[in-house]
Each structure stands twice: as C-alpha cells, then as structure tokens.
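Observations on the model geometry
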Number of protein chains: 2
Amino acid sequence: MYRPQIKVLDCTIRDGGLINDCKFDDKFVRAVYKALNESGVDYIELGYQASKKIFSPDKFGKWKFCDEDDLRAVTEGIEKKAKISVMVDIGRVEKSEVKQKKDSIVDMIRVAMYVKEVDKAIDLVNYYSEKGYETTVNIMAISTALMPDLEEALAQLSETPVKAVYVVDSFGALFSEQIHFLIEKYKKYLNPKGIEVGIHCHNNQQLAFGNTIEAIRMGANFIDATIFGIGRGPGNCPMELLLSFLKNPKFKLEPVLEVIEKEFLPLKEKMEWGYILPYMITGILNQHPRTAIALRNGKDKDKYADFYRSFSSKEEMD
Amino acid sequence: MYRPQIKVLDCTIRDGGLINDCKFDDKFVRAVYKALNESGVDYIELGYQASKKIFSPDKFGKWKFCDEDDLRAVTEGIEKKAKISVMVDIGRVEKSEVKQKKDSIVDMIRVAMYVKEVDKAIDLVNYYSEKGYETTVNIMAISTALMPDLEEALAQLSETPVKAVYVVDSFGALFSEQIHFLIEKYKKYLNPKGIEVGIHCHNNQQLAFGNTIEAIRMGANFIDATIFGIGRGPGNCPMELLLSFLKNPKFKLEPVLEVIEKEFLPLKEKMEWGYILPYMITGILNQHPRTAIALRNGKDKDKYADFYRSFSSKEEMD
C-alpha cells in the first residue's frame, strides 16, 4: 500500500510504559528513538505528559511526565527526522504545565478521551493548538461507544484545529467489518474539514495488524504501531509488520529488526506481552482488560476456562 | 458469523506434527480428540497417511502413518461426534495401502498438492472416493501459483467428486485483499458444481485469523484451525479465536480453553511455535520457511537483521 499521505506513529515507549509504569531506562529509550528515526516513521511518542500533582514520581518513571529535560537527554546527539509526540489523558494533566511549542522538542500532543469527554478534549485541543502544537484526539474504548454519542463527538471535533481523530480499539474487540464501518463513519465527518482519521489497535484477538490493514484500505492515514507489538497485555500492531506492508520506500525495516534483537529480546525475558489467553478472553467479550491484568498477577494466571466462566456467572441484569 | 454450512476442521495433531515429526504421545492426542469432540468442530485431523515404504517409522511418530489400530487406540471410549480426517501428500503415499472406508474410522482424506500436481491429486481423489471416503484437495503455496495454472487446476477439480478445495497460504504471505481475490476465483469454478471452498492460513504475519475471517466473509465454508495456533514455525489460525468468532451455538469454547491450560502450556515449554521473526521475514518475502527453520536450529537464531539481509544479497537474476 503506497499512499504518501500515510503517517506512521510509533508509540512503543508510551504504550509499552503501561506495562512497567513508564520505567524504561534511558539507554533503551535512546536505542528505540534512534532505530525509529532511521526507520522512517513520522512520529515517535515518548510518553505521557501527566501532572506530578496527580501522579507521584516515586511510583512512576519519567516517561509518565516527559519533562523537557528528560526528553532532550534521550534524544540529543541523534538526528531528529521524525516528529515527537506525547499523550495526555483527560483529567490527568494540568494544561498550564505544558510549555509553549517554541520551548519544547515536542511537536504533537495527543489527547486520549472517552467519547463522553469530548468537550474536555476540545478544550485541551484548542489550548495546545494555541501554544503551537499539532494535536490529535484518540477516542478510546470505541467498541463500547454509543453511535449518537460518537456522531455528536465527531461533529464537534470536526470544527476544531485537530489534525487527526483516532479509532482506538482499546479492548481488542473489533473485527474488520466493524473497523470498516467506523473508519467510514469518521471519514464522513472529518475528511471534508481536512482532518485525518487514525487507527490504534490492540492485539487481544491477533487482529491488530489485520484490522490496521483494513483501516488503511478504508482511508485511515494516521497509523499507530509499536516495535515487536509491545504494549500492555496483548500489545499492539507490530511496527515491523506495518513497515513491511507499507510500500513507501522511505520506510526501512532493518533498524527495527536490529533493535528487536538487541533490546527487545532481553526485555521480553522480564516483561510480559503478546498472545495471552486471559486478554484474548476480555477481547472476545469486549471488556476492559483490568480483570485479565489482575488474574495474571495472581496464582490462577493460567486458569483460562475458570476465568472465562467467571464472566457468565455474574448476577442477572434487568 | 452464523452460517450453518460452515465446517470447522481442526488439524492440531496433523499440522502440529510438523514440529515434532508426528511424535505426540497417546495421552496428548486423546486429550485433544476429546476436547475437540466436546467443542463441536466438524472434523478432527489426526495425522498423515504416509507410506512406510517412503518414511521410516524409526524416524517418524505414528501420526505420520495413522495406522487403523493406532487411530482406534486414541479414540476408543470417547464419544465420536466429529468426523476424522487424515492428510496425504502427493508422492508420499501408496494408495493401495488405504483401507476401504467401511473398515476404517477415517471419514475424509485430504490430498495436499502443489498446483502443478493437479492430475496426480485428481487420481487420488477419484481413488479414495471410490473407496468410500469424503475428499478435499488442499492447494499448497498458493501465494506462488501462476493464475493460468490455478484456473486450469480449478476447472479440472470442479469435475471431480471432491468435497472442498482449499486456499492454503503455506508461506503466510497473503493479505486480506489477496484472500478476497482467491476465494472469489475458487468460488467461481467450484460452487456451481456444489464444491465448497476451504481456507488454511499460516500465521507468519499474525494474519492467520484475520485472513480466515476474510475468507469466511467471502464464502469459504471449510475452515482450518489448530488449538492455541500450534503448527510449524508461526503456526496456524487459533481454534479458540475461530470458535469465539463463529456464532453457531453448536461450538463450545470451554473445552478448548481447558485443554490449552492442561496440555498445551506444558507442551509450549518444549516446542516452539508462534510469532517468531525469522518466520515473519520469510512470510513478508513470500518464501518457504525452510531457511527460517534452519536459522532457528543454529546459533544465529536471533540474528533477524542479518537473516533479512541474506535474502537481498543473493545473486542477481536475469
């Protein structure tokens, strides 16, 4: 698929940070940043920009906060070809703490929201845009959004300076048909205003790459992936697969393969992600992975059938 | 997807046998056979029916040969709800060694062929049909087949008593667009004669399940999968994902989850399959996995970038 408008965004450090409370060491982040710049991706997301008034630096690593000094320390001396992005969550950020764009190496701020938080997201988008940043809005848990709410949110977002609005399959619950439907829906509201559609898939059902392809075919132009598919639980669309699918000659696979063998194989000995059945089960049931996370931290981590049954034994609802 | 015509075929023992020379012990095969019968799948493939004149029983386990006594030993005492199938490879079978259907618990014989072997496959299909078996033909390495050869083969197969003809993505190289195209092509030749189209995907690019869904949507009705995706290298479409996608209430997920936790987790400690980068690389390059298998057996098993480069440093071709 060769379409020059496609922008690839790597969120290895940001999404992978959900596994280890954002505690990647500088050597690892530098290696990832260097490999990605060489690979030709368009954006590299280095973490969250949460407020230290809300999260304690004692509990979280530096990529939860992305202080300017920390960002500069891991990127200096490496040729910056890609833009840098950070993510903010509604209610976990103090917007006044964000610098003017001219004083930061960050290029883009991505606002993560649930569909009902659209007004708060638009407030942040407007604020960051005025400070000089590119912005996106990532609508999480899209597989549980009600259609009238989504359509209203898309209509509102279409009137903002946002660069792209993402379909985020947080629960890894969607099939290609549903991706198809959602990308069409987003496009209808956003493309006439020059706003792109983005896709961010989770791999609970081994569909992250397949659904990303479907989104690309349908016209999504902001495409998220992570190296070796790293991410909480099942992880994300693997960057190495995405780059080999995209035919634009600006993308290089070798730097990604090299950083996997040097940095990710040792990491995989210490951190768990990939095709793990409790996350497959929350995916097929369209549930938040929190129950699977809890299970994996306990002694019953491999009691798959009991875990599956636990969802059908809940109280009846009226 | 609820379509009563869909038949699910499990090839856990047969395709998994490519990893361990078909040396699964009886306890494991019984557990798999029992779980699958309880899960509601339509066919259970228990191995190859190769000739002992061609392969030595000293080197291969009993599921390379599927002697009637061995089949009966692992299935007796378990209620037989599913049909039993075996696979034969062109040139690796003595057709006269196969019993009459009335003397066997095997219900179906699947003939695996490359597209140029169609005349030999038809000879076997006719022979086994006369002996009383259902038959399918599985066209391997479809991603390298030339279209005129494929069309001629499909036209010839449409005149045989074969029950289904499979698209087999042996190299795990195909994307959904190509699956879409191939299923349409097969259907055009086969469906008017009452012959079904089948799909068998390999998971090199994490697309086995996604491409299987695409094939189902396009009308494929014979669907292959294996428990926990077991199979040589990257493995196959995982049965647990397929069953949770299919909405026919005859399918039960719990027996599959249970056999995974009891039998497959211990096996995974001893046998390798899944998302392994050398197989991803042969997949994206549309190559037979033999080079990846060789790499994984050597000291450079994790030298992904060098392995990738080795394909572009081959001699020039005219």
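Conventions and cut-offs
- Residues numbered from 1 in each chain as written.
- Chains lettered and ligands numbered in written order.
- Predicted model: local features only at pLDDT ≥ 70, side-chain atom pairs only at ≥ 80, totals over all residues.
- Domains from an automatic or database assignment.
- Nonpolar A, V, L, I, M, F, W, Y, C, P; charged D, E, K, R; others polar.
- UniProt positions renumbered as here; feature names shortened; annotations may be inferred.
- Helix = DSSP H or I, 4+ residues; strand = E, 2+ residues; numbered from the N terminus.
- Contact = placed C-beta atoms within 7 Å.
- Axes fitted to C-alpha atoms, helices over the stretch in contact; angles between N-to-C directions.
- Buried ≥ 20, exposed ≤ 12 C-beta atoms within 10 Å, placed from the backbone.
- Pairing = 2+ DSSP bridges.
- Right-handed = clockwise from strand over helix to strand, strands pointing away.

1. What about the domain arrangement of chain A?
All names here are of chain A.
- Each domain of chain A was delimited in the assignment, giving domain 1 (7–270) and domain 2 (277–312).
- Using only C-alpha atoms to locate each centre, domain 1 and domain 2 end up separated by 26 Å.
- Of the residues in the side of domain 1 that touches domain 2, the class split is 3 nonpolar, 6 polar and no charged.

2. Quick notes on the UniProt feature "domain: Pyruvate carboxyltransferase" (unreviewed entry) in chain A
- Taking the numbering used here, the UniProt-annotated feature "domain: Pyruvate carboxyltransferase" (unreviewed entry) corresponds to residues 6–261 of chain A.
- Span residues 6–261 of chain A is 36% helix and 18% strand, its end C-alpha atoms 27 Å apart.

3. Focus: the interface of chain B and chain A
- Opposite the 28 residues of chain B that make contact, chain A presents 28 residues.
- Listed by contribution, the elements that provide at least two residues to the side of chain B that touches chain A are helix 7 (208–218), helix 8 (239–245), helix 9 (254–270), helix 10 (277–284) and helix 12 (304–312) of chain B.
- Among the elements that make up the side of chain B that touches chain A, the one with the highest residue count is helix 9 of chain B (6 residues).
- Grouping the amino acids of the side of chain B that touches chain A by side-chain chemistry returns 16 nonpolar, 5 polar and 7 charged.

4. Digging into the environment of K7 of chain A
- The residue K7 of chain A is located in strand 1 (residues 7–10) in this model.
- The residues touching K7 of chain A, leaving out its near neighbours within four places in the chain, are D42, Y43, N221, F222 and I223 of chain A.

5. Topic: the packing of helix 12 (residues 304–312) of chain A against helix 9 of chain B
- Helix 9 of chain B packs onto helix 12 of chain A with a crossing angle of 145° between their chain directions and a minimal axis gap of 7 Å. Residues Y304, A305 and Y308 of chain A of helix 12 of chain A lie in contact with helix 9 of chain B, whose contacting residues are E254, L257, E258, I260 and E261 of chain B.
- Residue composition of the contact of helix 12 of chain A with helix 9 of chain B, grouped by class: 5 nonpolar, no polar and 3 charged.

6. Examining unusual backbone geometry
- The phi dihedral of A141 of chain A is positive, around 50°, even though this residue is not glycine.
- With respect to the helices, strands and loops of the structure, A141 of chain A is situated in the loop between strand 5 (134–139) and helix 5 (147–157).
- What makes A141 of chain A partly exposed here is the crowd of 16 C-beta atoms within 10 Å.
- Of note in the backbone geometry, D21 of chain B takes a positive phi value of approximately 55° without being a glycine.
- Residue placement: D21 of chain B occurs in the loop between helix 1 (12–16) and helix 2 (26–39).

7. Some thoughts on the pairing of strand 8 (residues 222–225) of chain A
All names here are of chain A.
- Going residue by residue along strand 8, you find F222 and D224 tucked away on one face and I223 and A225 tucked away on the opposite face as well.
- Sheet topology note: the strand 1/strand 8 ladder contains 4 bridges and is parallel. What sits directly across from L9, in strand 8, is D224.
- As judged from the 2 bridges shared by strand 7 (residues 196–201) and strand 8, these two strands associate in the parallel manner. Paired with G198 across the bridge in strand 8 is F222.
- Each parallel crossover has a hand, and for strand 7 linked through helix 7 (residues 208–218) to strand 8 it is right-handed.

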